[in-house]
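A look at the structure
Spelled out from the first residue to the last, the chains are:
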Amino acid sequence: MLLSYQECIEKYGTDYKIKKSVQDGELFVMEKGIYSDKRYVSELEIISKKYPNAILTLNSAFYYYGLTDTIPSFYHVATPKNARKISDARVKQIYENSEAFDMGKTIINYDGIDILIYNKERLLVELIRNKHKFSFDLYKELINNYRKIIHELDISVITEYVYELPKKKMVMEIIRREVL
């Protein structure tokens, strides 16, 4: 289990006891401010703990949903427009309009890790809104995979997202032409 420094203070009482637990091999320092009771923890779990309010999106989310087998170079996360900049070389931060930030937010379990991620409907809209950020091959792979699962998606939810987010007309036209 991962613990923040504050959670360690609550559990162990003092900084000295935390350091003693680390020294005795009962607790492991994963990185600054993140501790674990296990020696090895996945990077995804560390990122999820370190940035608990960030939502996985775009390339990362497509990968975790199995819509692509292309492993992303970064953890793509969405944060509210007014959020602090994330200074982590592993993370690519995308600032989202604060009214739309929570739209489509869900939690899925990936390899035993609960991750905060946008749902597939929101990701389809994001894919089309950000079409220019993807290589042609990756974009086509994602669109083809969305065609395969379109019967699993809630079209009314997709429509709602389209009308709440920028580029309404263009997104709706592309969904009709390329996905449905």
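Placed above this text is the structure.
Residues numbered from 1 in each chain as written. Predicted model: local features only at pLDDT ≥ 70, side-chain atom pairs only at ≥ 80, totals over all residues. Heavy atoms only, no water.

Next up on the list: the packing of aromatic side chains. Under the counting rule described, the total for this entry stands at five aromatic pairs. Plain terms: the ring middles of Y5 and Y35 are 6.5 Å apart, the flat faces sit at 40° to each other, and that makes the pair tilted. Of the two residues, Y5 sits in helix 1 (residues 5-12) while Y35 sits in strand 3 (residues 34-36), which places them 30 residues apart along the sequence. Residue Y35 is classed as buried on the basis of its relative accessible area, which comes to 11%. (Phe/Tyr/Trp six-rings, centres within 6.5 Å; stacked < 30°, edge-to-face > 60°. Helix = DSSP H or I, 4+ residues; strand = E, 2+ residues; numbered from the N terminus. Buried < 20%, exposed > 50% of the residue type's maximum accessible area, 1.4 Å probe, protein only.)

With 14 residues, helix 6 (residues 136-149) should cover 20 Å at 1.5 Å per step; its first-to-last C-alpha distance of 20 Å lies within 8% of that length. What helix 6 keeps buried is the set L138, Y139, L142, I143, N145, Y146 and I149. Burial along helix 6 is one-sided: seen end-on, the buried residues are contained in an arc of 165°. Of the exposed residues in helix 6, the ones pointing more than 90 degrees away from its buried face are F136, D137 and K148. Its buried side turned inward, helix 6 meets helix 4 (58-64), helix 5 (120-129) and helix 8 (168-179). (Expected span 1.5 Å × (residues − 1). Arc of directions from axis to C-beta. Contact = heavy atoms within 4.5 Å.)

Where helix 7 (residues 155-164) meets helix 8, the closest approach of the two axes is 8 Å, and the angle between their N-to-C directions is 150°. As the angle between them shows, helix 7 and helix 8 are arranged roughly antiparallel. Judged by the sense of rotation from one axis to the other, the crossing of helix 7 with helix 8 is right-handed. Together, I158, T159, V162 and Y163 of helix 7 and K168, V171, M172 and I175 of helix 8 make up the contact between the two elements. Of the residues belonging to the contact of helix 7 with helix 8, the class tally is six nonpolar, one polar and one charged. (Axes fitted to C-alpha atoms, helices over the stretch in contact; angles between N-to-C directions. Parallel < 35°, antiparallel > 145°, perpendicular 65-115°, else oblique. Left-handed = near helix turned anticlockwise from the far one by under 90°. Nonpolar A, V, L, I, M, F, W, Y, C, P; charged D, E, K, R; others polar.)

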